[in-house]
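The chain contents come next:
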Amino acid sequence: MAAKIAEESSAIARPGWVMTQGSGLAAALPPGLINACRKGEREALRVLFELYKDGVFSIALNFSGNKSLALDICQDVFLKLISTLHSLRDEANFRPWLCRLVVNSCMDAHRQARRFVAEAEDEVKKIDSAASPEDAAQQQQLGLEVRSQVARLAPHLRIPILLRYVEGLSYEEIGRVLGCSMGTVASRLSRSHKLLARRLSYLRGVI
Amino acid sequence: MIHRHPSSELSAYHHHQLPLEREREVAGHLSGCARCRAELDEIAFAARLAKRLPRATVPVSLAMLLERPLIPRRAGQAERIARQWLPAAASLAAVILLGVFWYFAIRQPLRVAVAASPPNNLEQRAVAEHVRHLQGTLSWQLKTGDARELQRWLLERAGLFAHLPEKRPATDAQYFRLIGTSLLGLERIDAAVIGYEIDGRPVTLVTAKLSQVRDAPAEARFSKSVFYRAEAAHGFHVLSWSTEGQAYVLVSALPHYGEQGCFLCHTTTARRALISRMNPR
């Protein structure tokens, strides 16, 4: 359902700007959009927000596990984006640049909150491993459960997981966003995978 | 075949992110290492779980809340123009208000100062004409009590303007009498003398083009500066000033500093009260 809404929102054509393919932070930039945003054109800023709001919100929500905190992060990201857009030299680097903004805002929020209360709003129930995995509600619950466990990982282990699975970045791209080597990314991902597998081992019968 | 367990690389191996050669080496190790195979299995399981991480969309109501502070509201053209010009308009209004305040509350509309410089040629001639006026030897080329006629005559003959009001206050009739005017040949200067009486005391006003008078008082823009001189030989009061391109000298023996002589042109109660309040300093 969420994916359908995302598809629909990315297909909205705004006058003057043609929404391009891709979703989340991978959505392609319409030509000239960045320049128009730099000039403070309202319509361009709105299109930019429409294009990337869900991608930013997805990472923020999966990082924090808390909707209101995710909205705060989202707003912080866009405020920084608008105020620092002039510092982006090459539009081709927009995606890693935006990812860095998101990661930094998440880390800032984490430092401020010290400890997120994972899934404070969404009720996470233990999934009955005997139930049919095709059950839509069950699938949704599974996703929430994974999110709650991801939100409990240490931030330096959590971020690579989100960039890999929410944004689909390669190890090299994750390294560029985080400013570390591919080896470090691989090591962190190995550790986070193992932690997740152990904490969610009771789901082995479900997927 | 590698002997050290490649634990930290198993995630990259699972995602095919290792260089090909390294991937082969890890694969070789895995075929002979049950522990690493178990770890890889954990990673594959976790990867399947992580793929279920839900993608979220900002709820429409919250999107509006988010969007509002981020995207500046579109201002109407009138509003934009107003915003653009508002600082300038506000500054202009402030300057105008200050100007009005200064003009009415601070500005001195009239200043009377004691002349420090020696009398110029127009003042000397005015004193001489006043003496003749007193002696009755001044021959008036136009003898009239009609202010308008005198004004027209001066303008036509010498291009000089006399600020004589057509109507005078009723009380003036008791003590004010206009006598006449004459042109003066004064070192090729176009000058004129106007004679009148206040309470039977002769008053002589001499005027000339400002550009033709040496050392005439400068014209003040926002307030009138009058210079007073007590004439030593006869004890006359001599007032001199400049306005609208003409220099004026007023000679009389009227009381105080002879300010009543100014009542020829200044007929309003407020202006006369202001003139009467002044003291030469």
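Since the model is a prediction, treat every value here as computed from it, not as a measurement.

### Quick look at the overall build of chain B
Each helix and strand in chain B was counted, giving eight helices and eight strands. With 281 residues in all, chain B has 30% of them scored as buried.

### What to know about the interface of chain B and chain A
If you look at the interface, chain B gives 32 residues, while chain A gives 45 residues. Of all the secondary-structure elements, those providing two or more residues to the side of chain B that touches chain A are α1 (10-14), α3 (34-50) and α4 (60-70) of chain B. Along the lines of polarity and charge, the residues of the side of chain B that touches chain A split into 18 nonpolar, five polar and nine charged.

### A closer look at helix α6 (residues 136-150) of chain A
Taking 1.5 Å per residue as the helical rise, α6 of chain A with its 15 residues ought to reach 21 Å, and the 21 Å between its terminal C-alpha atoms agrees with that figure. Within the sequence span of α6 of chain A, burial applies to Gln141, Leu142, Gly143, Leu144, Glu145, Val146, Arg147, Gln149 and Val150 of chain A.

### Observations concerning the environment of Ser190 of chain A
Summarising the element assignment, Ser190 of chain A is placed in helix α9 (residues 182-199). C-alpha separation for the pair Ser190 of chain A and Ile161 of chain A, spaced 29 residues apart in sequence, amounts to 9.8 Å.

### Thoughts on unusual backbone geometry
Residue and element names in this part refer to chain B. Phi is positive for Glu244, which is not a glycine, with a value near 45°. Position of Glu244 among the secondary structure elements: in the loop between β7 (237-243) and β8 (246-252). Given 8 C-beta atoms within 10 Å, Glu244 falls into the exposed group. For His256, which is not glycine, the phi torsion reads 60° and is therefore positive.

### Things to note about helix α3 (residues 42-64) of chain A
Residue and element names in this part refer to chain A. Along α3, the sharpest change in direction is near 45° and occurs at Tyr52. Burial runs high along α3: 19 of the 23 residues are buried. The positive-phi residue at the C-terminal boundary of α3 is Gly65, with phi of around 70°.

### Focus on the environment of Ile159 of chain A
With respect to the element layout, Ile159 of chain A can be found in helix α7 (residues 155-165). Look past the residues within four positions of Ile159 of chain A in its chain and what remains in contact with it is Val103, Cys106 and Leu178 of chain A.

### Remarks on the confidence of the model for chain B
Detailed reading of predicted coordinates is not advised where the pLDDT is low. Per-residue confidence for chain B gives a mean pLDDT of 87; residues scoring 70 or more make up 94%. Here the complex is predicted with pTM 0.52, and the ipTM for its interfaces comes to 0.78.

### Examining the packing of α3 of chain A against helix α5 (residues 94-113) of chain A
Residue and element names in this part refer to chain A. Direction vectors running N to C along α3 and α5 enclose 35°, while the axes themselves pass 10 Å from each other. Judged by the twist between their axes, the crossing of α3 over α5 is right-handed. Along the contact surface, α3 presents Tyr52, Val56, Ile59, Ala60, Phe63 and Ser64, while α5 presents Leu98, Val102, Cys106 and Ala109. A per-class count over the contact of α3 with α5 returns nine nonpolar, one polar and no charged.

About the cut-offs
- Residues numbered from 1 in each chain as written.
- Chains lettered and ligands numbered in written order.
- Predicted model: local features only at pLDDT ≥ 70, side-chain atom pairs only at ≥ 80, totals over all residues.
- Helix = DSSP H or I, 4+ residues; strand = E, 2+ residues; numbered from the N terminus.
- Buried ≥ 20, exposed ≤ 12 C-beta atoms within 10 Å, placed from the backbone.
- Contact = placed C-beta atoms within 7 Å.
- Nonpolar A, V, L, I, M, F, W, Y, C, P; charged D, E, K, R; others polar.
- Expected span 1.5 Å × (residues − 1).
- Bend = angle between axes of the 7 residues up to and from the residue.
- pLDDT = per-residue confidence, 0-100.
- Axes fitted to C-alpha atoms, helices over the stretch in contact; angles between N-to-C directions.
- Left-handed = near helix turned anticlockwise from the far one by under 90°.

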